[in-house]
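Residue strings, one per chain:
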Amino acid sequence: MDQFAGGTSAVSPAGDGDRIFADRFVDRSQEAQAFARGVLERFSYGARPEDISHFLSLGNDSEERLANWVAEQLDWQAMDDSACQARIDSAGYQTLNKSITQLWADHVRGNQSNWPDRYLPVAETDAARIIRAVHSRRQLYEMLVEFWHDHFNVAGWEFSIAPVFVQHDRDAIRPNALGNFREMLEAVAKSTAMLYYLDNRANRSGGYNENWARELMELHTMGVDVYFPGAFHGAIPPGDDGLAIGYSDADVYDVARCFTGWTVRNGHWQFPQTPEYDTGEFFYHSSWHEGGSKFVVGNWLMPAGQQEAHEVMNLLCRHRATARHICRKLCRRFVGDEPPDSLVESASEVWRDQWQAPDQIAQVMGHIINSDAVLQGQGSKVRRPFELMAACMRKTGGEIQPHHFQGWQPYGEMLSLFQQTGHGGFRWPAPDGYPDTAARWTSASVLGQSWRLLSRLPELRLPNDGPFLLRIYELTVEALPDQSDHTATKLVDWWLHRLVGPEVLSQRRLELIDFLRQNADADQPLNLTTNPPYGSWSAGNMSAHYTPVRLRTMVSMIMMLPEFHRR
Amino acid sequence: MKRRTFLKSCCAAAAAGALPGMAWVNPLLAGTRSGQDVLVYLYLRGGIDGLHLVVPYAGAERVAYESRRGNMLIPEERLRPISAEWALHPRAGGGPGDPVSSPPRWLQRLWLEDRLAIIQGAGMPTHLSRSHFDAQAWMDLGTPGNKNTPQGWLTRYLQSAGPLPPASLSHAFGFASTQPLALMGANQAFTVSNAQEFRVDGFHWSWQETNPDLPGHQGAHHRIQNLWQAGNSSLEQAGRLAAEALADMREMDFAAYQPEGGAQYPDSALGTQMRNLAQLIKSDAGVVVATLDYGGWDTHEGQGIPNPGNPNHFDFYGNLVQGLSEAVDAFYTDLAQSSQGNLMNRVSVVMLSEFGRNVTGNQSGGTDHGYGNVMLALGGRVNGGFHGQFPGLDKGSLFEDQDLHTTVDYRQVLAEALVRRLNLPAPALEQVFPTLGSYSPVGVFQT
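This is a predicted model, so every value here is computed, not measured. (Residues numbered from 1 in each chain as written. Chains lettered and ligands numbered in written order. Predicted model: local features only at pLDDT ≥ 70, side-chain atom pairs only at ≥ 80, totals over all residues.)

A look at the overall build of chain B
Link 1 in the chain: Along chain B, the regular secondary structure elements total 13 helices and 12 strands.
Link 2 in the chain: For 447 residues, the compact-globule estimate of 2.2 N^0.38 gives 22 Å, and chain B sits close to it at 23 Å.
Link 3 in the chain: Along the longest, intermediate and shortest principal axes, the C-alpha atoms of chain B span 80 × 45 × 40 Å.
Link 4 in the chain: In chain B, which comprises 447 residues, the share counted as buried stands at 56%.
Link 5 in the chain: Expressed as a percentage of contacts within chain B between residues at least 6 apart in sequence, the contacts between residues at least 24 apart total 71%. (Helix = DSSP H or I, 4+ residues; strand = E, 2+ residues; numbered from the N terminus. Rg over C-alpha atoms; globule rule 2.2 N^0.38 Å. Buried ≥ 20, exposed ≤ 12 C-beta atoms within 10 Å, placed from the backbone. Contact = placed C-beta atoms within 7 Å.)

Now the structure itself:
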């Protein structure tokens, strides 16, 4: 899909690891392959040869194959993901299945003498999301989960939020990521993490706290494009649906009033001093609710206690501005930084028509991905650092079970380097979530720290000379078992094809070959098999000098290519 | 000469061994020194409650403050007075255990030395937004009311500045991870979150560097530039800049840097970044503008009331104030007492935020979003003291019955820094702040 000024090199697809699919009919035309790769790079955490082959087996032309692939991905619960779940289950995580009351008892009220204990819930959620991005078959679903975590951002590593973060991820975001937005919003509004993050747990009558209400309208639903600044109700015109077309500060204040009393059973001194008021669960405290009528997006809300907030969420969820705001973000995430207005508009029609459907979000995603814009290969995205890291692992068969607090090698180092990219898991401090445009993610800092991570990833291995996380050597000798194929040219071409496909600027390919061959001939086989994994020191013979390491370094360099940074 | 070739010629000086941490001080400029002024744009993200930092101490505004401030009121005896009618939050001049009568430190010390300017009523008089993200974007882009401006205000300054002294590294540094909006579209700005760790050093040692003892051996890290050499997409251009920044900054040893004048940078992201910036300025790296962020000011809940003299009293806002005060004070001291002379005579720091906060606190011990605010400036060529006009806390003066009003357009202060300190011709302000209208300096900076 990307055009390059300098032309492309012809890369041999020989030995691309597809042998298991070779007896099935698949359209292997370059065009079909390029389309499949483009879709999978865009809508998953990395196109592997087996993913491309599977895609190509799904129909007779690109449109049909795309539709079938999307249908399969959107029906995520029907997709058996037990292999990925088994990886998570065997990693020894302790908190992912704890109820909110258990999280509260163990990690908020429990013994705090072991300092990481409080942070285990967010740490393990972060670890599991990496495994899922790399190994889950539900790739599109996992990308939506990431999208909604950005949309409903909470600073996961804050003192109050870390111990309850599992609930936010598991009970609010994940069940609804391809479901119904209204249901997700309800779950988020009651998520203990969010109630702490945007202070609604402290929002009470006689001096409401606007923090949640403002971001609810500005970020989560209607969007700042329809914000009319001003502290007085008045001149926002109504739309044809009977709702004001936007909101003002006065709306924010009244929404805040509607949410007074939505709090957490956190043992507050004004609650009854009994254990059931210290469980960490959501709780509506009626004596903190502010009475009186409220006026929200042009509608009077009569005093109705807890019901007022439900009515507010209904108004916001059926609002046209919400549909546009969220569909623009979805299109920006999955199509391009400046998505076509027509696609945003048609997607938001689906969003609004289906606002009460249980599979509302899946329908909208189906609409976006099956659109002409995607079929015609429009748009381009720059991978954010998380997508970069996940793609590296996914495309090299990464065997990973990350732990934040179990030593430096390999995961402490990996996660620390990753955090330096500025994209650490659940670490964005502000409620707008991580940015989503290339202009923000191509700073020298982001790219430099990403390359620093990528330079290290292939060297990371389990302690005591255990296996490497990335299976670079193994994949190489499986695909090219014959040592005579281990020339710099063939190794570079095989890895280029696996990691970025055929569209690579020829001078970059030559640079990689130059590095891999050093002063040997590009067609002279290198000795990869002497003393793996590192190779042997040899001052006089560069074809045997640390060749397994050199292969890994070359693969690192492919991961740093501009071609690898796009999806 | 290309920056890189130039740098290579500097490495001889590095081998000769100059000051620790300043291995490659530009030998061509050493002694002559560029003398270029530097503007530091330090953004207090989240909307600092300026009324909690610069507090009415006596007089009519104190009366109005006491009647309106609710549970966010700070008693007089907990403040550090800096004039007959105004006081600073105690943590701007001392630690949590220091009584207000203890010797002034940090911002209060700089105030006493006339190096700190406080601009009252600063903000965006032409536009209102109580949204963090819109208000910040408007200010960083320099176009209130419009967040779709493709370039930040500092980017447009660099484009209209005319010839600047050649930069061995860059004219612009953004101390951030993702690209700062004020430098959006600046194709020469180095954005570096952590200068010390800004290096590609993860390859196996056998291929990290070129080994000169092995004939034909070529290392990996310097090849990144070659991999990004071709292509003209914006990604490829950004990648080339990143590769160049990596190669150039690799020569600097940030860890070994020794601050001067006894400056003690706090052990925080801001402290480290200001320390790195001081080193870059001393090294004549070419810095003309730099951006930094210091966040956490969105204190809707548990903002805190200071209790000076009580070291165990937790004060969220006070901790932030002290973190800021210590960092800028260390930066000031380090540069002002440099062996190269008082470098603060050519360095100015402006501190600002997207909006102030509601005058009356809420029921959760915090303050919600407001409008007018204070803005601070610091430097050897700053006119210390009060500037602008306090908008007033009486009912008639409040904005929408609830917030401090604005009396000074923040752009006038920045414009004045550009004109008086960076020698930007005033007519060029039209490019930097296209909707500012006429330039009317506030008097914060000396010419």
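A look at the overall build of chain A
Link 1 in the chain: Along the backbone of chain A there are 26 helices and 6 strands.
Link 2 in the chain: For 567 residues, the compact-globule estimate of 2.2 N^0.38 gives 24 Å, and chain A sits close to it at 26 Å.
Link 3 in the chain: Viewed in the frame of its principal axes, chain A has a C-alpha envelope of about 85 × 55 × 40 Å.
Link 4 in the chain: Here chain A holds 567 residues, and the buried ones make up 55% of them.
Link 5 in the chain: When contacts within chain A are restricted to residue pairs at least 6 apart in sequence, those whose partners lie at least 24 apart make up 70%.

Some thoughts on the packing of helix α1 (residues 30–43) of chain A against helix α2 (residues 49–56) of chain A
Residue and element names in this part refer to chain A.
Link 1 in the chain: As a packed pair, α1 and α2 sit with axes 9 Å apart at the nearest point and diverge in direction by 115°. Remark: the crossing between α1 and α2 carries right-handed chirality. Here A32, Q33, A36, R37, V39 and L40 of α1 come into contact with α2, specifically with D51, I52, F55 and L56.
Link 2 in the chain: Looking at the contact of α1 with α2 residue by residue, the classes come out as 7 nonpolar, 1 polar and 2 charged. (Axes fitted to C-alpha atoms, helices over the stretch in contact; angles between N-to-C directions. Left-handed = near helix turned anticlockwise from the far one by under 90°. Nonpolar A, V, L, I, M, F, W, Y, C, P; charged D, E, K, R; others polar.)

Thoughts on the interface of chain B and chain A
Link 1 in the chain: Each partner contributes to the interface: chain B provides 58 residues, whereas chain A provides 62 residues.
Link 2 in the chain: Elements that contribute at least two residues to the side of chain B that touches chain A include exactly α5 (132–141), β7 (190–191), α7 (205–208), α8 (224–227) and α9 (234–249) of chain B.
Link 3 in the chain: Tallying contributions element by element places α9 of chain B first for the side of chain B that touches chain A, with 9 residues.
Link 4 in the chain: Grouping the amino acids of the side of chain B that touches chain A by side-chain chemistry returns 22 nonpolar, 26 polar and 10 charged.

Quick notes on the sheet that holds strand β3 (residues 80–81) of chain B
Residue and element names in this part refer to chain B.
Link 1 in the chain: A sheet is described by the order of its strands in space; here 3 strands give the open sequence β2-β4-β3, paired in antiparallel fashion. Sheet topology places β2 (54–56) and β3 at the edges, where each strand pairs with a single neighbour.
Link 2 in the chain: Inspection of the sheet shows β2 paired to strand β4 (residues 86–88) by 3 bridges, in the antiparallel sense. Residue pairing for β4: V54 is matched across the bridge by L88. (Pairing = 2+ DSSP bridges.)

Quick notes on the pairing of strand β5 (residues 116–123) of chain B
All names here are of chain B.
Link 1 in the chain: Of all 8 residues making up β5, 8 are buried, and the element is well covered by its neighbours.
Link 2 in the chain: Pairing of β5 with strand β10 (residues 373–379), which is carried by 5 bridges, proceeds in the antiparallel orientation. Residue pairing for β10: A122 is matched across the bridge by N373.
Link 3 in the chain: Taken together, the 4 bridges between β5 and strand β11 (residues 385–388) define a ladder with parallel strand orientation. In the strand pairing of β11, I118 is matched with F386.
Link 4 in the chain: Relative to strand β12 (residues 408–409), β5 runs parallel, the two being bridged by 2 bridges. Looking at β12, one finds that G123 is bridged to D409.

Focus on the pairing of β10 of chain B
All names here are of chain B.
Link 1 in the chain: Taken across its 7 residues, β10 has 7 buried, putting it largely inside the fold.
Link 2 in the chain: Here strand β9 (residues 347–352) runs beside β10; their pairing, made up of 4 bridges, is antiparallel. Across the sheet, S348 pairs through a bridge with G379, a residue of β10.

Here's the deal with the environment of A182 of chain B
All names here are of chain B.
Link 1 in the chain: Its place among the elements puts A182 in the loop between β6 (172–175) and β7.
Link 2 in the chain: Assessed through the 29 C-beta atoms surrounding it within 10 Å, A182 is described here as buried.
Link 3 in the chain: Residues contacting A182, with those up to four places away along its chain left out, are Y41, D140, G152, W153, L154 and T291.

Overview of the environment of I131 of chain A
All names here are of chain A.
Link 1 in the chain: Within the secondary structure layout, I131 lies in helix α6 (residues 120–135).
Link 2 in the chain: For I131, a count of 21 C-beta atoms within 10 Å corresponds to the buried category.
Link 3 in the chain: For I131 and A91, which are 40 residues apart along the polypeptide, the C-alpha to C-alpha distance reads 10.0 Å.
Link 4 in the chain: In this structure I131 touches C84, R87, I88, I400 and Q401, once residues within four positions along its chain are discounted.

Considerations on the nonpolar core
Link 1 in the chain: Counting residues in each nonpolar core, the largest one holds 301 residues, and the members touching the most others are I558 of chain A together with I119, V350 and V413 of chain B.
Link 2 in the chain: Considering each element in turn, this core owes the most residues, 11 residues, to helix α11 (residues 316–336) of chain B.
Link 3 in the chain: Look past the residues within four positions of I558 of chain A in its chain and what remains in contact with it is W495, L496, L499, V500, L512 and F564 of chain A. (Core = buried A, V, L, I, M, F, W, Y, C linked by C-beta atoms within 7 Å.)

Let's talk about unusual backbone geometry
Residues and elements named next belong to chain A.
Link 1 in the chain: The omega angle of the peptide bond from Q409 to P410 is -5°, so this bond is cis rather than trans.
Link 2 in the chain: With respect to the helices and strands, the residue P410 is situated in helix α19 (residues 408–423).
Link 3 in the chain: Omega for the peptide link from P532 to P533 comes to 10°, which places this bond in the cis form.
Link 4 in the chain: By the secondary structure assignment, P533 is in the loop between α24 (506–517) and α25 (547–559).
Link 5 in the chain: A positive phi angle, close to 45°, is found at Y546, a residue other than glycine.

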